[in-house]
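Coordinates in review
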Amino acid sequence: QVQLVESGGGLVQAGGSLRLSCEASGSIFSINVMGWYRQAPGKQRELVAVIDSGGITNLPDSVKGRFTCSRGNAKNTVYLQMNSLKPEDTAVYYCYAKISISWYRAFNDYWGQGTQVTVSS
């Protein structure tokens, strides 16, 4: 069984910063990609940032230059540093990971329970 547990959400004023953390635990053989998605009320879930096992990141233009995604030394943690936050960044942020539970099993997608980020104007 695999779990992704997020922490670090909360309420912040526009222009402020927050740092989200996510730790993957359980029966993990290998982790390929980790990252973050977000979903605002009435909108589809969208990519915020992903980082592969080699440290290569992919962020959309909407957050590029403001958000930074990194992985911990143990490689089972992922962080999202969010600076210069805007009200439109308000959403539930979900941790994401592509994980294999065995050398002979394919990689599957796993999600955290989500953490609320609210940016006030």
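The structure contained in this document is the topic of the report that follows. (Residues numbered from 1 in each chain as written. Predicted model: local features only at pLDDT ≥ 70, side-chain atom pairs only at ≥ 80, totals over all residues. Heavy atoms only, no water.)

Comments concerning the state of the cysteines
Where two cysteines share a covalent bond between their sulfur atoms, that bond is called a disulfide. Taken as a whole and assessed by the stated rule, the structure comprises one disulfide. In this model cysteine 69 remains outside any disulfide bridge; the closest cysteine sulfur is found in cysteine 95, 8.9 Å from its own. (Disulfide = S-S within 2.5 Å.)

Overview of the nonpolar core
Residues Trp36, Phe67, Val78, Leu80, Met82 and Tyr93 are the most contacted members of the largest nonpolar core, which totals 29 residues. Every element with two or more residues in this core is listed here: strand 1 (2-7), strand 3 (18-26), strand 4 (30-39), strand 5 (46-51), strand 7 (67-71), strand 8 (77-82), strand 9 (91-100) and strand 11 (115-120). Beyond its immediate sequence surroundings of up to four residues, phenylalanine 67 is in contact with Arg38, Val48, Leu59, Leu80, Gln81, Met82, Asn83, Leu85, Asp89 and Tyr93. (Core = buried A, V, L, I, M, F, W, Y, C linked by side-chain atoms within 4.5 Å. Buried < 20%, exposed > 50% of the residue type's maximum accessible area, 1.4 Å probe, protein only. Helix = DSSP H or I, 4+ residues; strand = E, 2+ residues; numbered from the N terminus. Contact = heavy atoms within 4.5 Å.)

Things to note about the packing of aromatic side chains
If you walk through the whole model with that rule in mind, you get four aromatic pairs. Between the aromatic rings of tyrosine 37 and tryptophan 111, the centroid separation amounts to 5.1 Å while the plane-to-plane angle is 70°, which identifies the pairing as edge-to-face. A residue pair is termed long-range when its members are at least 10 positions apart, and tyrosine 37 in strand 4 and tryptophan 111 in strand 10 (residues 108-111) qualify at 74 residues. Overall, tryptophan 111 belongs to the partly exposed group, its relative accessible area being 36%. Between tryptophan 103 and tyrosine 104 the ring centres are 5.4 Å apart and the planes differ by 80°, which places this aromatic pair in the edge-to-face class. Relative accessible area serves as the criterion here: at 57%, tyrosine 104 is assigned to the exposed category. Among the aromatic residues, those joined into a ring-pair cluster are Tyr37, Tyr96 and Trp111. The positively charged end of arginine 19 is found above the aromatic ring belonging to tyrosine 79, 4.2 Å away from the centroid. (Phe/Tyr/Trp six-rings, centres within 6.5 Å; stacked < 30°, edge-to-face > 60°. Lys NZ or Arg CZ within 6 Å of the ring centre and 35° of its normal.)

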